[in-house]
Amino acid sequence: MDAAQAVWRAEDENGTARLAERLAGWAAPGTVIALDGDLGAGKTFFSQSFARALGVREVVNSPTFTIIKEYEDGRLPLYHMDVYRLSQDEADELGLDDYFYGQGVVLVEWASLIPDLLPPAHLAIAIEHAGGSARTIRLTGAGRPYADWCRRLAEEGVCGE
């Protein structure tokens, strides 16, 4: 499977938002983005920025206790998931394939907890603290179009500064 990586340096939340906006612009039906990072790294902020760029007008917050929140008012349906409190077996029972292979965009926070349930083609994003409000965001694209997105970011030398 085609794969590529890119690194995005965000000096502050604006840099994270710029990356989210760029990726939202490339999103198409069936887009799956797997988000990981420590507590407070910015997964939910990334998701909020991504949703805003898709045209979602509703308030987007972490679906920690509801597990899945659906937003239908943007350019594409957005399915925002937080699987932190689920085991892989519990997540499997939710029928996530309906979302992963549907007509919307899926953002999965804590996706590394359900690696066997993610579709083979997806964009993995790891957000790391880099001192103060800065973040290092590592993107790994598996399959198309995600590997192409990473190559494009790397070739353009794009960063969030």
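Every value quoted in this text rests on a predicted model; they were computed, and no experiment measured them. All residue numbers here refer to positions counted from 1 along the written sequence of the relevant chain. Where local features are concerned, this predicted model is filtered to residues with pLDDT of at least 70; where side-chain atom pairs are given and counted, the filter is 80 or more; whole-chain, interface and lining totals use all residues. The side-chain quantities take in all heavy atoms of the structure and omit both hydrogens and water.

(A) Molecular detail of unusual backbone geometry. The amide bond that connects R144 to the next residue, P145, takes the cis arrangement and shows omega of 5 degrees. Here P145 is to be found in the loop between strand 7 (135-142) and helix 5 (146-156). Where helices and strands are cited, they refer to DSSP runs of H or I of at least four residues and of E of at least two residues respectively, numbered from the N terminus.

(B) Quick look at the packing of helix 1 (residues 13-26) against helix 2 (residues 43-54). Here an axis means a line fitted to C-alpha atoms, over the contact stretch when the element is a helix, while the angle between two N-to-C directions is reported on a 0 to 180 degree scale. Packing of helix 1 against helix 2 brings their axes to within 8 Å, and their N-to-C directions diverge by 45 degrees. As summarised for this structure, helix 1 and helix 2 are arranged oblique, according to the angle between their axes. Considering how the two elements wind past one another, helix 1 and helix 2 form a crossing that is right-handed. Counting all contacts with helix 1, which are made through E13, T16, A17, L19, A20, E21, L23 and A24, the residues of helix 2 involved are F45, F46, S49, F50, A53 and L54. Should an angle fall under 35 degrees it is called roughly parallel, over 145 degrees roughly antiparallel, and 65 to 115 degrees roughly perpendicular, with every other angle called oblique. Should the near helix be turned anticlockwise from the far one by less than a right angle, the crossing is termed left-handed; should it be turned clockwise, right-handed. Between two residues, a contact is recorded if the distance between any of their heavy atoms is within 4.5 Å.

(C) Representation of helix 5 within the structure. Within helix 5, the full set of buried residues consists of Y146, A147, W149, C150 and L153. Considered in projection along helix 5, the buried side chains sweep an arc of 160 degrees and stay on one side of the axis. Along its buried surface, helix 5 packs onto strand 1 (3-10), helix 1, strand 2 (32-37), strand 6 (122-129) and strand 7. Accessible area is worked out with a 1.4 Å probe on protein chains only. A residue is then buried under 20% of its type maximum, exposed over 50%, and partly exposed in between. Taken from the helix axis, the directions to the C-beta atoms give the arc we talk about.

(D) Here's a closer look at the sheet that holds strand 2. One open sheet accounts for seven strands, arranged 1-7-6-2-5-4-3; its pairing is mixed. What marks the edges here is a single partner per strand, and that holds for strand 1 and strand 3 (68-71). Across the sheet, the mean angle separating the axes of adjacent strands is 15 degrees when strand polarity is ignored. One bridge is not enough; two strands pair if DSSP finds at least two bridges between them. The pairing of strand 2 with strand 5 (residues 105-109) spans four bridges and is classified as parallel. Each residue of the ladder has a partner; that of A34, found in strand 5, is V108. Helix 2 contacts strand 2, strand 4 (78-82), strand 5 and strand 6 of the sheet and is inclined by roughly 170 degrees relative to strand 5.

(E) Looking closely at the pattern of salt bridges. Between Lys or Arg on one side and Asp or Glu on the other, a salt bridge is scored when a side-chain nitrogen of the former is within 4 Å of a carboxyl oxygen of the latter. One pass over the full model with this rule turns up six salt bridges. A salt bridge links R9 to E11; the shortest N-O distance between them is 2.8 Å. Assessed through its relative accessible area of 28%, R9 is described here as partly exposed. Of the charged contacts, one joins D148 and R151 as a salt bridge, the two residues approaching to 2.8 Å between their closest N and O atoms. With D148 and R151 both in helix 5, this residue pair falls three residues apart, about one helical turn. Take R151: its relative accessible area is 25%, and that puts it in the partly exposed class. Connected through shared salt-bridge partners, D2, R144, D148 and R151 make up one network.

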